[in-house]
Amino acid sequence: MRADRLVATLLLMQARGRVTAAELATELEVSVATARRDLEALSAAGVPVYPQPGRGGGWALVGGARTDLSGLSAPEARALFLLAGPAATASGEVRAALRKLLRALPHTFRADAEAAASATMIDPTRWGERDRDRPALVDELQHAVIRRRKVRLTYLSSARARSERLVDPWGLVDKDDIWYLVAGTERGQRTFRVDRIVVAEPTDLPAERPDDFALAAAWDRVVGEVEQKRSSTRATVLIETRFLPVLRDHFGRHCHAEADLPDGRTRVRLAAPTPLDIARNLAGWGALIEVLDPPTVQDHLSRIGAELLARYRTS
């Protein structure tokens, strides 16, 4: 008996108190014989369910216990379906799970929960960008994380150097539609971009994971380290205050307004990996931005301007 059907059966019995094999078969889209075997298997496994013969009979939980889904209140049920609803657009498994959970809810909760599931849609693609396909290895790596089994990776670095290593998969993170594997290695915790993993070979070796490991905390540290590297060069610029939101959109967390000036401009502190990165991002602004420091960014802007002038100068 599949685990998902077992859970769905128990949830239905909790919600309704009593079900017949025919009702269960209709709800779970299986044959009556399969539904009856599932109920008998639950009873044989020690789950407190028992048959009630005769008209109006069926299968019930011992004591007639009848509760809502895991004790959820109406607001909790809405919150659950609001969260899971958007994911159902991309996953058949999530859609199937939501259908089963919806059927297990008390009737008074179902309308709001069903509306919540379709109330929100997430489109992760930015304007003008193409959809990114979910890497095929994500499911396989998730399975290894859940089963706690080591994985043998063939990996390409940012310099396209190929390496092989045996890792303990600890968790997966989807950041801005790019997937990362957080794993333990001989050198400690490492982060791998899934789209650079050439081969991921699951093994039967048990994976090791620190008892105090928390994926969210580990990822926060990764983000902090990466953002620190991305802000190793700083520049001070002046920009008309009305354009500050656009500049913030370009530089994100690495754009900090320092002071508003009497001439309608704002002094802003920017950061990026290198002076050239800052210059390239500012070159298109022309005279709308004035760079106060450092001189290295000013020099790059001067060179870019000279190159553009030489290429597009008309005789």
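Residues numbered from 1 in each chain as written. Predicted model: local features only at pLDDT ≥ 70, side-chain atom pairs only at ≥ 80, totals over all residues. Heavy atoms only, no water.

**Structural notes on the packing of aromatic side chains**
Applying the stated rule across the entire model yields 4 aromatic pairs. When the centroid spacing of 5.0 Å and the interplanar angle of 50 degrees are considered together, the rings of Trp-170 and Phe-213 count as tilted. Taken as a pair, Trp-170 in strand β5 (residues 162–175) and Phe-213 in the loop between β8 (197–206) and α8 (215–229) lie far apart in primary sequence, 43 residues in all. Arranged with centres 5.3 Å apart and planes meeting at 45 degrees, the rings of Tyr-180 and Trp-219 form a pair that is tilted. You can see Tyr-180 sitting in strand β6 (residues 178–185) and its partner Trp-219 sitting in helix α8, a full 39 residues away along the chain. Judged by relative accessible area, which is 13%, Trp-219 ranks as buried. (Phe/Tyr/Trp six-rings, centres within 6.5 Å; stacked < 30°, edge-to-face > 60°. Helix = DSSP H or I, 4+ residues; strand = E, 2+ residues; numbered from the N terminus. Buried < 20%, exposed > 50% of the residue type's maximum accessible area, 1.4 Å probe, protein only.)

**Structural notes on the sheet that holds strand β2 (residues 49–52)**
Read from one edge to the other, the open sheet built from 3 strands follows the order β1-β3-β2, with strand pairing classed as antiparallel. In the strand order of this sheet, the two ends are held by β1 (18–19) and β2, each with one partner. In the sheet, β1 pairs with strand β3 (residues 58–61) via 2 bridges, with the strands oriented antiparallel. Within the sheet, the bridge partner assigned to Val-19 lies in β3 and is Trp-59. (Pairing = 2+ DSSP bridges.)

**Looking at the pattern of salt bridges**
Following the criterion strictly, the structure yields 10 salt bridges and no others. For Asp-195, the salt bridge identified is with Arg-193, shortest N-O distance 2.6 Å. On the accessibility criterion, Arg-193 (23% relative accessible area) is partly exposed. In this structure, the salt-bridge partner of Asp-293 is Arg-269, at a minimum N-O distance of 3.4 Å. You can see Asp-293 sitting in strand β12 (residues 289–293) and its partner Arg-269 sitting in strand β11 (residues 265–272), a full 24 residues away along the chain. Each of the salt bridges in this network shares a partner with another, and the network as a whole consists of Glu-227, Arg-230 and Arg-253. (Salt bridge = Lys/Arg side-chain N within 4 Å of Asp/Glu carboxyl O.)

From the geometry alone we can't say anything about function, so treat these as descriptive.
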